[in-house]
Amino acid sequence: MSGTGESEQPPLLVERDGAVAVVTMNRPHRRNALSLEMIGLLSRAWDEIDGDDAIRAAVLTGASDNYCVGGDLGDGWMSDGGKRAKLDPSEIGRGLLLTRSLRKPLIAAVNGACLGGGLEMLQQTDIRVAEEQATFGLPEVRRGLIPGAGSTVRLKRQIPYTKAVEMILTGDPLTAREAYEFGLVGHVVPTGTALGRAREIAGRVARNSPLAVQHAKAALLASGWLPDEDARAIEGRFVGEVITSEDAKEGRKAFMEKREPRFTGR
């Protein structure tokens, strides 16, 4: 799950910590800006994480003191709208989490600037931890662009509409505390501790039934902002698939026997 780029280190690092995969955007010399190579590696990393039953949760973070400042404007593929990209456009969409969602929970550890495409990917993560010095912004309009990886659709659903519009039309960033107050992130922690907190949360998620966790996430995504009656029908379908599972039986048995459950994902 790594590759070689313009620096000695690969632009994406993936490590295993038990049942948790930690994905690190690793271009610190470019503030972890998204190169085409990194996006391709992200796409393959998501496939491998979702395809490995031993991985129950994932963490996404950035190397050094930045999270991700968006697309690398110095990359040739960015300068012409991707026309020269040596990567299938569908893979770009998958890598940026524009056209796919992980089955597994994805937890963000925001350790610095989270801008442009970095913030657009953030909106597809499930749980978000930010360090107190982190900033969040969509500066595209300042470069003659608009956010093109989902923000005009998603951001207004995740924070108050008027604040989403202000961010997109002015390019002005939020502080970590503002991001917390508007509900864009769920935790603000001291500098240097976001990854540790995210790992801890991922570990708690990974101890639960992977079948139940993945179905609960799928129900959340599939029901979206549908009317209650339609959303309940979707929820009921996922509940029905889980309630007769081996994990559900094991959960009940472990409760009665006053022990920790041994979930298998079946």
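Look up: the structure comes first, before these words.
Residues numbered from 1 in each chain as written. Predicted model: local features only at pLDDT ≥ 70, side-chain atom pairs only at ≥ 80, totals over all residues. Heavy atoms only, no water.

A. A look at the overall build of the protein. Along the backbone of the protein there are eleven helices and nine strands. Computed over its C-alpha atoms, the radius of gyration of the protein comes to 19 Å, within 12% of the 18 Å expected for a compact globule of 266 residues. Oriented by its inertia axes, the alpha-carbon framework of the protein measures out at about 60 × 45 × 40 Å. In the protein, which comprises 266 residues, the proportion classed as buried is 48%. Summing over all exposed atoms, the protein offers an accessible surface of approximately 13,200 Å²; the carbon and sulfur share of this is 53%. Averaging the positions of the 35 positive and the 36 negative side-chain charges in the protein gives two centres separated by 3 Å. (Helix = DSSP H or I, 4+ residues; strand = E, 2+ residues; numbered from the N terminus. Rg over C-alpha atoms; globule rule 2.2 N^0.38 Å. Buried < 20%, exposed > 50% of the residue type's maximum accessible area, 1.4 Å probe, protein only. Areas by Shrake-Rupley, 256 points an atom, 1.4 Å probe, with all protein chains shown as cover. Lys, Arg positive; Asp, Glu negative; His and termini not counted. Charge placed at Lys NZ, Arg CZ, Asp CG, Glu CD.)

B. Just helix 10 (residues 228-243), in detail. Helix length check: helix 10 (16 residues) gives 21 Å between terminal C-alpha atoms against 22 Å at 1.5 Å per residue, within 8%. Elements in contact with the buried residues of helix 10: helix 9 (210-223) and helix 11 (246-256). (Expected span 1.5 Å × (residues − 1). Contact = heavy atoms within 4.5 Å.)

C. Structural context of the packing of aromatic side chains. Considering all chains together, one arrives at zero aromatic pairs under this definition. In this structure, arginine 237 packs its charged tip against the face of phenylalanine 238, placed 4.6 Å from the ring centre. (Phe/Tyr/Trp six-rings, centres within 6.5 Å; stacked < 30°, edge-to-face > 60°. Lys NZ or Arg CZ within 6 Å of the ring centre and 35° of its normal.)

D. How the structure looks around the sheet that holds strand 7 (residues 135-137). With respect to topology, three strands assemble into an open sheet ordered 5-7-8, the strand pairing being mixed. Sheet topology places strand 5 (113-115) and strand 8 (174-175) at the edges, where each strand pairs with a single neighbour. With three bridges joining them, strand 5 and strand 7 adopt parallel strand pairing. Bridging from a neighbouring strand, alanine 113 pairs with threonine 135 of strand 7. (Pairing = 2+ DSSP bridges.)

E. The pattern of salt bridges, seen in detail. Throughout the structure, instances matching the rule amount to 14 salt bridges. For arginine 199, the salt bridge identified is with glutamate 15, shortest N-O distance 3.0 Å. Placement of arginine 199 in helix 8 (residues 194-206) and of glutamate 15 in strand 1 (residues 12-17) is noted, with a sequence separation of 184 residues between them. As a salt-bridge pair, arginine 16 and aspartate 52 come within 3.1 Å of each other at their nearest N and O atoms. With arginine 16 in strand 1 and aspartate 52 in the loop between helix 1 (36-51) and strand 3 (57-62), this pair connects stretches of sequence that are 36 residues apart. Residue arginine 16 is classed as partly exposed on the basis of its relative accessible area of 44%. One salt-bridge network, in which partners are shared between bridges, spans Glu15, Asp17 and Arg199. (Salt bridge = Lys/Arg side-chain N within 4 Å of Asp/Glu carboxyl O.)

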